[in-house]
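Observations on chain architecture
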Protein chains: 2
Amino acid sequence: MAHPPLPSQLLTIEYYPRPGVIQFDWGHPASALLPLDAMGRAAAEAIGRHGDNTLLYGAAQGPGPLIELLVRRLNAHEGLALTPEHMLITGGASLAIDQICTLLTRPGDAVLVPVPTYHLAVGILRDHPLDLVPVAGDEKGVSVEALAEAVVALRAEGRRPRMVYVIPTFANPTGATMPTERRQALADLARRENLLVVEDDVYRELCYEGSLPPSIYSYAPDGPVLRFANGGMLYSGGGVPHFAAMVVETFFGLDAYDAHLAHVKASYRARRDALLAALATHLPPGCAWSHPQGGYFLWLRLPPGITASALLPVAEQHGVSFLPGNKFGLGHSFDEYARLSFSMLEPDELAEGARRLGQAMRA
Amino acid sequence: MAHPPLPSQLLTIEYYPRPGVIQFDWGHPASALLPLDAMGRAAAEAIGRHGDNTLLYGAAQGPGPLIELLVRRLNAHEGLALTPEHMLITGGASLAIDQICTLLTRPGDAVLVPVPTYHLAVGILRDHPLDLVPVAGDEKGVSVEALAEAVVALRAEGRRPRMVYVIPTFANPTGATMPTERRQALADLARRENLLVVEDDVYRELCYEGSLPPSIYSYAPDGPVLRFANGGMLYSGGGVPHFAAMVVETFFGLDAYDAHLAHVKASYRARRDALLAALATHLPPGCAWSHPQGGYFLWLRLPPGITASALLPVAEQHGVSFLPGNKFGLGHSFDEYARLSFSMLEPDELAEGARRLGQAMRA
């Protein structure tokens, strides 16, 4: 995949605003919802409390105090029976995917990717010498039957299915959540066919209503335990985000996390609801959209006869932008879809963005 | 390379002490020399000054303010003409090596590695489907002639030389520094043969006496510019150590770095000198050792008839340990050598360690 060129100016963060455009493009956290004060206190306190242990080479697996805390929390919240050796702290989900490819695949291994999927994860997979296999889903998202058929077809061609990459909860780009029975079926398929499941579950904590199905992992806790703390990079360099991990551990210790989580969930839920209401008000007949139970994303189907690639330049003239569905297809066409992210926009911006989008469709 | 198993207990940092043993094994910074107070202030001030920009997804290339600062500093100190697009902030040298392998090599590419070399870098290279080629040096360390011959031999066999991995300054494990003319010759070889040079120069700032030759990079500033900010992992996840990078930028802004550097250089120089003096006092005839101009490491040649692998268990009985030379050979034997790290030990511990080492050799 050709990545876009770097912007010509030096950035501090990844996001860059475009004056006058309401951008539904970016799936980043809202600046106003970051716990700046508590993180500032946690950073100073982490150094005060753990001293040299915050600044030395971190343990490859991640700092023990943070691992113990997360094991307790996940076991309590999700009814799991994790022990510390199940856990590794990474420098973000993207680095984890990269390391999984480096350490657990061989050149030519096939990776099955239900589409539409997170386009930037595809960029990570493509940096490795892997055989990427898109598998189209159905109206409920990932289809385990289609995955099972793809595995059979690949083996018949002498290809080597090795891994499935899925975002089962509040998926990027669709906002969809994989139902319980599909999670169990995918775990069964993986066990039967000796596949790794990369369960990218980064949005799970951001649930705005109802309850969530168990993780795919919970249906295969006896599966292969990935010991990539033994990989060369972490063994040499230590845990990658060691200082940040120590600060996060201290942040939890301040009892700041649960209050922070409740606050951001309420705010993101209000944003989602504002967008859902505004779409119902402003979009022309023939549109349809997902009702995400959590996360940052909503998947919009355009009216018959309008494609996302044709709509985007018109939308930009109206001061609104989005990511067209084809970005997420790995070769499959999703040109009748657009991804709308609502995390970074205030309710009034979301309403105005939906109004402009409706105007652009009518133009 | 089979990595050793994880220790059974959870760690916070990588290092773990062994009571009663003076460990010359570990090449980590000394805890007592870490700038804890200044880093604590920098962490709080970074959040106060840069706000949400410290906690959002960082720019893939690294934060602009830190890049600008480092460009100015490197140009002033090393007479370079860097511009910001030459620079990328990584999550440590180990992650940089890993990303170079992922993004800039193809399966089967040959990587030339002058030996002895940093054993944990070999672990990183081995996690990728590469053809690792050890090339023995001479009494001055890396031999560019031997590298040139190896390139010719590889091409004759249909193999694909792609990259050279070197630690030119205060090398791990030998402490040796590559002379100017060899640096220039290596840059010429790389240009002529279209090789990437991975110049792992992490110890350069820790120079305890005299002046240093220019970097290998300075002889080939027109070489390929590695734009791996465009790689999938950073493009998706943002700069990996973003929070730590923002704190480091603020640490520089406190004008704390130069004073800190002067302090640690004086302390590490005193440790080096203590070890050199103690070895002269306590080791039996027939030993020889390098006189490192900087860094953390000293390379000890054992007396005729004593191998490092035979000496190590005896040394441990005497309460002292080291890393035997064969760890650094990538298949070549260096069993007459041991690596002694002096960075983590106080002068009196270094003296006692040398005394125990001499006893073990005589036993």
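Throughout what follows, the structure given in this document is the object of discussion. Just so you know, these numbers come straight off a predicted model, no measurement behind them. (Residues numbered from 1 in each chain as written. Chains lettered and ligands numbered in written order. Predicted model: local features only at pLDDT ≥ 70, side-chain atom pairs only at ≥ 80, totals over all residues. Heavy atoms only, no water.)

**Structural notes on the overall build of chain A**
Along its length, chain A carries 11 helices and 10 strands. Its C-alpha atoms give chain A a radius of gyration of 21 Å, within 12% of the compact-globule value 21 Å for 363 residues. With respect to the three principal axes, the spread of C-alpha positions in chain A is 60 × 55 × 45 Å. When burial is assessed residue by residue, chain A has 56% of its 363 residues classed as buried. By sequence separation, contacts in chain A at least 24 residues apart represent 74% of the contacts at least 6 residues apart. (Helix = DSSP H or I, 4+ residues; strand = E, 2+ residues; numbered from the N terminus. Rg over C-alpha atoms; globule rule 2.2 N^0.38 Å. Buried < 20%, exposed > 50% of the residue type's maximum accessible area, 1.4 Å probe, protein only. Contact = heavy atoms within 4.5 Å.)

**Quick look at the packing of helix H10 (residues 308-317) of chain A against helix H11 (residues 347-362) of chain A**
Residue and element names in this part refer to chain A. The interhelical angle for the contact between H10 and H11, taken along N-to-C directions, is 120°, at an axis separation of 9 Å. It follows from the interaxial angle that H10 and H11 lie oblique. You can see that H10 and H11 cross each other, and the crossing is right-handed. Along its contact with H10, which presents Leu-311, Val-314 and Ala-315, the element H11 presents Leu-357, Ala-360 and Met-361. Here the residues of the contact of H10 with H11 sort into 6 nonpolar, no polar and no charged. (Axes fitted to C-alpha atoms, helices over the stretch in contact; angles between N-to-C directions. Parallel < 35°, antiparallel > 145°, perpendicular 65-115°, else oblique. Left-handed = near helix turned anticlockwise from the far one by under 90°. Nonpolar A, V, L, I, M, F, W, Y, C, P; charged D, E, K, R; others polar.)

**Some thoughts on the interface of chain A and chain B**
If you look at the interface, chain A gives 70 residues, while chain B gives 70 residues. For the pairing of chain A and chain B, the buried interface totals around 5800 Å² over both sides, and the portion due to carbon and sulfur atoms is 69%. The tally of links from chain A across to chain B stands at 0 salt bridges. Where the side of chain A that touches chain B is concerned, the elements lending two or more residues are helix H1 (36-50), helix H2 (64-78), helix H3 (93-104), helix H4 (119-126), helix H7 (232-237) and helix H8 (242-253) of chain A. Taken together, the residues that form the side of chain A that touches chain B break down as 38 nonpolar, 26 polar and 6 charged. (Buried area = accessible area lost by both parts, 1.4 Å probe. Salt bridge = Lys/Arg side-chain N within 4 Å of Asp/Glu carboxyl O.)

**Section: the relation of the copies chain A and chain B**
Of the transformation placing chain A onto chain B, the axial shift is 0.0 Å and the rotation is 180°, giving an RMSD of 0.0 Å. The two molecules are tied by a two-fold rotation axis, judged by turn and shift. When the interface residues of chain A are mapped onto chain B, 100% of them again fall at the interface, so both copies present the same face. (Least-squares fit on C-alpha atoms with pLDDT ≥ 70 in both.)

**Some details on the pairing of strand E10 (residues 337-341) of chain B**
Residue and element names in this part refer to chain B. Most of E10 is tucked away: 5 of the 5 residues are buried. With burial as the criterion, each face of E10 is covered, one bearing Tyr-337, Arg-339 and Ser-341 and the other bearing Ala-338 and Leu-340. As judged from the 5 bridges shared by strand E7 (residues 297-301) and E10, these two strands associate in the antiparallel manner. Bridging from a neighbouring strand, Arg-301 pairs with Tyr-337 of E10. Looking at chain direction, strand E9 (residues 323-324) and E10 are connected through 2 bridges and run antiparallel. Looking at E10, one finds that Leu-323 is bridged to Arg-339. (Pairing = 2+ DSSP bridges.)

**Considering the sheet that holds strand E6 (residues 288-289) of chain A**
Residues and elements named next belong to chain A. Judged by pairing direction, the sheet is antiparallel, and its 4 strands sit side by side in the order E6-E7-E10-E9 without closing on themselves. Because the sheet does not close on itself, it has two edges, and the strands there are E6 and strand E9 (323-324). Sheet analysis places E6 next to strand E7 (residues 297-301), joined by 2 bridges and oriented antiparallel. Along E7, the bridge assignment pairs Ala-288 with Arg-301.

**Quick look at the packing of aromatic side chains**
Counting across every chain of the model gives 23 aromatic pairs over all chains. Ring centres 5.9 Å apart and planes at 85° place the aromatic pair Trp299(A) and Phe328(A) in the edge-to-face group. Placement of the pair is Trp299(A) in strand E7 and Phe328(A) in the loop between E9 and strand E10 (337-341), with a sequence separation of 29 residues. Note on accessibility: Trp299(A) and Phe328(A) belong to one class, buried. Pairing Tyr203(B) with Phe297(B) gives two aromatic rings, centres 5.6 Å apart and planes at 90°, and the pair type is edge-to-face. With a gap of 94 residues between them, Tyr203(B) in the loop between strand E5 (196-199) and helix H7 (232-237) and Phe297(B) in strand E7 connect regions that are remote in the sequence. (Phe/Tyr/Trp six-rings, centres within 6.5 Å; stacked < 30°, edge-to-face > 60°.)

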